[in-house]
Amino acid sequence: MSPRHFLSTLDWSRRELEGVLADASRLKEERGTLAREDLAGKSVALVFFNPSLRTRTSFEIGVFEMGGHAVVLEPGKGAWPIEYRDGVVMDGEAEEHVAEVARVLSRYCNLIAVRAFPKFQRWEDDREDLVIRQFAKYATVPVLNMETITHPCQELALMLALKEKLGTTDGKKFLLTWTYHPRPLNTAVANSALIIAAKFGFDVTLLCPTPEYVLDARYMDAARGFAKEQGSRVTVTHDVDAAYSGAHVVYAKSWGALPYFGRWEAEKPIRDKYKHFIVDERKMALTDRGYFSHCLPMRRNVKATDAVTSSPQSLVIEEAENRLHVQKALLRRLVGLSGISP
Ligand code: CP
């Protein structure tokens, strides 16, 4: 039987995710007072195809705090470059195939975590999420997504922060706003914020400059489906003030418009016209004492002003801290440990 992976929250129910968050809360409360040995004798491979500050640090420390060992691998840097397509003649840069990498790591480790961003050339290719799917295909241990075309650990960290502040999330207003960035960015966190907010019963508004910035139909449709199940809704708007009005949460992220994927010079003049989408005090004043957050890293005074980022309503640091707790809770589950008793 193949192991249960954590590739996306699309195939995890709200009830399951609520269980992970409940464990994460307990792990957060007990941190520093109780030494855990949940991962004693267990090892985790952290495979990074892209840079990281929060993800690498929180995973390494999380595994350490539960008595396990994490090994960080950077294919093409400290580890061999990897081919992940099946059936190709490997006469390029790659020295080994994911079929061997995933199976070898499965013999050493109890879990494999992978960060593999899109290549930004053809969305049709990137949306297949092939790197992590190939790891999951060949691994005999659970595979966990540390950000590919979604960022499910970030989703849970955000949701933990929101539940801590709001209590219930059902029926509250969640604004996901596009913001300017000088370069086109991955849609992963935006996809993730959209689907988790809908799954947790928020009324979700997606604010973006033009219809070209609407997210991939896979995530839009999933979010609409989750919202229907929860009795809420997903709305797309390009009207800034209407979007902020009455919001309980403002979540900021920049992303590149999918129709321009791989043709980013053509997208740049559009993006450059919308620098005023920055999250500022005037817009936040339209909300219902709304909380602000962002996944980080974030360019201050480009995506959000200093005043918003450092305000008491800002959850950016809390959300980042929560990465540690939700990932510890997930690691426990994925290696077969059940929920933590209150
Ligand atoms: N939010 C997040 O994943 O941060 P890093 O890219 O620094 O890991």
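Above this text you will find the structure in question.
Position numbers for residues count from 1 along each chain, tracking the sequence in the order it is written. For this predicted model, a pLDDT threshold of at least 70 governs which residues receive local features, and a threshold of 80 or more governs which side-chain atom pairs are given and counted, while totals over whole chains, interfaces and linings are taken from all residues. As a rule here, side-chain values come from all non-hydrogen atoms in the structure, and water together with hydrogens is ignored.

### Remarks on the overall build of the protein
Logical step 1: Where helices and strands are cited, they refer to DSSP runs of H or I of at least four residues and of E of at least two residues respectively, numbered from the N terminus. Helix and strand counts for the protein stand at 13 helices and 11 strands.
Logical step 2: This radius of gyration counts C-alpha atoms alone. The globule rule is 2.2 Å times how many residues there are, raised to the power 0.38. Computed over C-alpha atoms, the radius of gyration of the protein comes to 20 Å, within 12% of the 20 Å expected from 2.2 N^0.38 for 342 residues, which places it in the range of a compact globule.
Logical step 3: If one aligns the C-alpha atoms of the protein with their principal axes, the spans along those axes are about 55 × 50 × 35 Å.
Logical step 4: Throughout this description, buried means an accessible area under 20% of the type-specific maximum (1.4 Å probe, protein chains only), exposed means over 50%, and partly exposed covers the range between. Scored against the burial criterion, the 342 residues of the protein give a buried share of 57%.
Logical step 5: Two residues qualify as a contact provided that any one of their heavy atoms is within 4.5 Å of a heavy atom in the partner residue. Long-range contacts, defined here as pairs at least 24 residues apart, represent 80% of the contacts in the protein between residues at least 6 apart.
Logical step 6: Residue-level accessible areas treat just the shown protein chains as cover; the underlying method is Shrake-Rupley with a 1.4 Å probe. Accessible surface computed for the protein: about 14800 Å², of which carbon and sulfur atoms make up 51%.

### A look at empty space enclosed by the protein
Logical step 1: Computed over the protein atoms alone on a 1 Å grid, cavities are sets of points where a 1.4 Å probe fits but cannot get out and pockets are open sets with protein on both sides within 12 Å along at least five of seven lines; a residue lines them when it has an atom within 4 Å of a point. Grid points are joined across faces, edges and corners, and a volume is the space filled by probe spheres set on the points. Considering all chains together, one arrives at one cavity of 30 Å³ or more under this definition.
Logical step 2: In this structure, the largest cavity encloses a volume near 30 Å³.
Logical step 3: Around the largest cavity, the lining residues are Q154, E155, L158, V189, S192, A193, I196 and Y251.
Logical step 4: Among the secondary structure elements, those contributing two or more residues to the lining of the largest cavity are α6 (152-166) and α7 (188-199).

### Considerations on the site of the ligand
Logical step 1: Any residue with a heavy atom positioned within 4 Å of a molecule or strand is treated as near that molecule or strand. Taken together, S52, L53, R54, T55, R115, H151, Q154, C295, L296 and R323 form the complete shell of residues around the ligand.
Logical step 2: Within 3.5 Å is the distance limit for a polar contact, defined as a pair of N or O atoms, with the added protein rule that one can donate a hydrogen and the other accept it, and that residues adjacent in sequence qualify only through two side-chain atoms. At 2.7 Å, a backbone N or O of L53 approaches an oxygen atom of the ligand.
Logical step 3: Interatomic distance of 3.1 Å between a side-chain N/O atom of R323 and an oxygen atom of the ligand.
Logical step 4: The pocket occupied by the ligand, as judged from atoms lying within 2 Å of grid points, is the second largest pocket. Grid points define the cavity or pocket, and a molecule sits in it when more than half of its atoms lie within 2 Å of them.

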